[in-house]
Amino acid sequence: MTATVDPTVPATVPSTPPGGHDVAPASDGARKRLVHGLAWQGGLRWAAQVLSWAVTLVVARRLTPDEYGVASLAAAFAVSCAYVTEYGIGRAVVMQRITDRHTLSRLHGISIVVGVLLAVLLCAAAPLIAVVWREPRVTGPLIVWSSTFVFGGLLAVPAGRVQRALWYRRIALVELGRGVVQGGTVLSLALGGAGLWSLVLGYVAATAFSLVAYWRMGGLRAVVPPLREWRSLLAYPKHIIAG
């Protein structure tokens, strides 16, 4: 999962997505766009939150406390690893104003590689984690949840580009859509008797939706750089994490 970062420098909001072009900073009307965009973001986030509360109230009657507990164990471990997936790359794109496509494409490649590696590690470690926690039912959810590490690696740079462009309305619409997808998936599966899997698959579906949405707006070609270049490229997110 990718965390939302408040950009620190205003940028032009073009009328078309940045698929092939980087966003250039500008000052005309930036304050008005910022206020209007934040209003949209706040309103739609509240709508998404209300939807989440409504779904939770319904699902709570369909799932047992035990099922919630198992899903929460898997979620706690997966979410704690999610930040490592991105390694601060998305935040670095926003806060350090990385604009050249050469650097962006290589950071994107690194982010994807890290996400895939973590997904493989979690799949391999899931049975051992289940033994340590003495909860064999957590193995399957952990393996499925590992897919979100791959999504997170694919998502980091595109989402960072969109956030840097100050497209608050579009970001808010993505977050609302994510809430609708997650709520709808959880609710339909819970009503169908899927139990704890409704929570796991709901989160995976929501993350996949965010990936598709941000990729359409800020996607770019990924390039996996030679290992000798990784140290210099990872200096960008390392600075963010250290700060």
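This section reports on the structure supplied with the text. (Residues numbered from 1 in each chain as written. Predicted model: local features only at pLDDT ≥ 70, side-chain atom pairs only at ≥ 80, totals over all residues. Heavy atoms only, no water.)

### Topic: the side chain of Thr139
To keep things clear, this is the line we draw: Secondary structure follows DSSP: runs of H or I at least 4 residues long count as helices, runs of E at least 2 residues long count as strands, and numbering of each begins at the N terminus. The term polar contact refers here to a pair of N or O atoms within 3.5 Å; inside protein, the definition further demands a hydrogen-donor-capable atom paired with an acceptor-capable atom, and it admits residues adjacent in sequence only when both atoms are side-chain atoms. Two residues form a contact once any of their heavy atoms are found within 4.5 Å.
Examined against the element boundaries, Thr139 turns out to sit in helix 5 (residues 139-145). Side-chain polar atoms of Thr139 contact the backbone oxygen of Pro136, separated by 3.2 Å. What Thr139 contacts, discounting residues up to four positions off in sequence, is Ala126, Pro127 and Ala130.

### Details of the pattern of salt bridges
Note the cut-off: What counts as a salt bridge is simple: a side-chain nitrogen of Lys or Arg found within 4 Å of a carboxyl oxygen of Asp or Glu. Note on classification: 1.4 Å probe, protein chains only; a residue is buried when its accessible area is under 20% of the maximum for its type, exposed when over 50%, partly exposed between these limits.
Under the counting rule described, the total for this entry stands at three salt bridges. Linking Arg137 and Asp66 is a salt bridge whose minimum nitrogen-to-oxygen distance equals 2.6 Å. With Arg137 in the loop between helix 4 (101-133) and helix 5 and Asp66 in helix 2 (residues 65-86), this residue pair connects regions lying 71 residues apart in the sequence. The class of Asp66 is partly exposed, set by a relative accessible area of 42%. With a shortest N-O distance of 3.8 Å, Glu229 and Arg106 are connected by a salt bridge.

### Some points on the environment of Trp46
Looking at where Trp46 falls in the secondary structure, it is placed in helix 1 (residues 30-59). Spatially, the C-alpha atoms of Trp46 and Leu176 are 8.9 Å apart, while their sequence positions differ by 130 residues.

### Overview of the packing of helix 7 (residues 168-191) against helix 8 (residues 197-218)
Rules: Axis definition: a line fitted to C-alpha atoms, over the contacting stretch in the case of helices. Angles run 0 to 180 degrees between N-to-C directions. Every angle not falling under 35 degrees, over 145, or within 65 to 115 is termed oblique; those three ranges are roughly parallel, roughly antiparallel and roughly perpendicular. Left-handed describes a crossing whose near helix is turned anticlockwise from the far helix through less than a right angle; right-handed describes the clockwise counterpart. As a working rule, the residues Ala, Val, Leu, Ile, Met, Phe, Trp, Tyr, Cys and Pro are called nonpolar, Asp, Glu, Lys and Arg charged, and the rest polar, with Gly in that last group.
At a minimum axis distance of 8 Å, the contact between helix 7 and helix 8 shows a crossing angle of 155 degrees. Compared by their axis directions, helix 7 and helix 8 come out roughly antiparallel. Viewed along their axes, helix 7 and helix 8 form a crossing whose handedness is right-handed. Residues that form the contact of helix 7 with helix 8 fall into these classes: 16 nonpolar, seven polar and three charged.

### Section: helix 7
Structural remark: α-helix, 3.6 residues per turn; residues separated by three or four positions point the same way. Note the threshold: Helix span, expected: 1.5 Å multiplied by one less than the number of residues in the helix.
Here helix 7 is 24 residues long and its end C-alpha atoms lie 34 Å apart, about the 34 Å a rise of 1.5 Å per residue gives. Turning to helix 7, its buried residues are Tyr168, Ile171, Ala172, Val174, Gly177, Arg178, Gly179, Gly183, Thr185, Val186 and Ala190. Once helix 7 ends, the next one or two residues include Gly193, with phi positive near 90 degrees.

Read these as layout, nothing more, since geometry by itself doesn't imply function.
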